[in-house]
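In case you want the letters, here they are:
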Amino acid sequence: EAGVAQSPRYKIIEKRQSVAFWCNPISGHATLYWYQQILGQGPKLLIQFQNNGVVDDSQLPKDRFSAERLKGVDSTLKIQPAKLEDSAVYLCASSFPGQGAGGFFGQGTRLTVV
Amino acid sequence: DQQVKQNSPSLSVQEGRISILNCDYTNSMFDYFLWYKKYPAEGPTFLISISSIKDKNEDGRFTVFLNKSAKHLSLHIVPSQPGDSAVYFCAASAYNFNKFYFGSGTKLNVKP
């Protein structure tokens, strides 16, 4: 079974630039999560999708972050414009709804904003 | 407001001995708890879970204990192996919501 795929693995941008991350979840997983993990902290949920609908985006900074999940499969997370404090690893995870084991995570995208 | 806390950033243990990783939470609505293990440059991988209807769950060398009155859980690894060296995150959710809150992680180093 293929895991959660994310790209790119690494990205360096200047502040005020835009960036986009892509996630392909495990086939059949209806629930998709985007997490932000700042160095030294645990993952923080940014947005949760159920199929192509948003379940929770209460911690998404909507003035600069946006996410979509077209057709309930792949998802993209965009930051525009980026700030220095956005430097983090962005993790995508997927699961079946209510799956007891939580999400299956991708390797993440390490973003550095300079 | 951090609802899940791991107060020990790091732990060093000798191979073959027991590793005990601790986690505290503040939200009494949490009823499902997970431990994840993370190697460098990889995403977290699920390790073990426990529901609030239990106080112990065991899977091989890994056992999770839950003390609801103290809002505390711990992960025991016996015996510890060098391959267990990783960062361990605990996570909690009110299960119906399927939304997990993570602690900041404990870096375990198992010395040969």
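Please read all numbers here as calculations on a predicted model, not as lab measurements.

A. Molecular detail of the nonpolar core. All names here are of chain B. Counting residues in each nonpolar core, the largest one holds 23 residues, and the members touching the most others are Phe33, Trp35, Leu73, Leu75 and Tyr88. Sorting the residues of this core by element identifies strand S3 (19-25), strand S4 (32-38), strand S5 (45-51), strand S7 (62-67), strand S8 (72-77), strand S9 (86-93) and strand S11 (106-111) as the ones contributing at least two each. The element that contributes the greatest number of residues to this core is S9, accounting for 4 residues. With near-sequence residues (within four places) excluded, Leu75 lies in contact with Ser19, Ile20, Leu21, Trp35, Leu47, Ile48, Phe62, Thr63 and Tyr88.

B. Spotlight on the pattern of salt bridges. All names here are of chain B. Under the counting rule described, the total for this entry stands at 4 salt bridges over all chains. Asp84 is the partner of Lys37 in a salt bridge, and the nearest nitrogen-oxygen pair spans 4.0 Å. With Lys37 in strand S4 and Asp84 in the loop between S8 and S9, this residue pair connects regions lying 47 residues apart in the sequence. Asp84 serves as the salt-bridge partner of Arg61, at 2.8 Å between the closest nitrogen and oxygen. Here Arg61 is found in the loop between strand S6 (56-59) and S7, whereas its partner Asp84 is found in the loop between S8 and S9, with 23 residues between them in sequence.

C. Structural view of unusual backbone geometry. Cis geometry marks the peptide bond from Ser7(A) to Pro8(A); its omega dihedral reads -10°. Structurally, Pro8(A) is set in the loop between strand S1 (5-7) and strand S2 (10-13). Between Val78(B) and the following residue, Pro79(B), the backbone shows a cis peptide bond with an omega angle of -10°. Along the polypeptide, Pro79(B) turns up in the loop between S8 and S9. The backbone of Ala41(B) sits at a positive phi, close to 65°, despite the residue not being glycine. Relative to the elements of secondary structure, Ala41(B) occurs in the loop between S4 and S5.

Cut-offs applied
- Residues numbered from 1 in each chain as written.
- Chains lettered and ligands numbered in written order.
- Predicted model: local features only at pLDDT ≥ 70, side-chain atom pairs only at ≥ 80, totals over all residues.
- Heavy atoms only, no water.
- Core = buried A, V, L, I, M, F, W, Y, C linked by side-chain atoms within 4.5 Å.
- Buried < 20%, exposed > 50% of the residue type's maximum accessible area, 1.4 Å probe, protein only.
- Helix = DSSP H or I, 4+ residues; strand = E, 2+ residues; numbered from the N terminus.
- Contact = heavy atoms within 4.5 Å.
- Salt bridge = Lys/Arg side-chain N within 4 Å of Asp/Glu carboxyl O.

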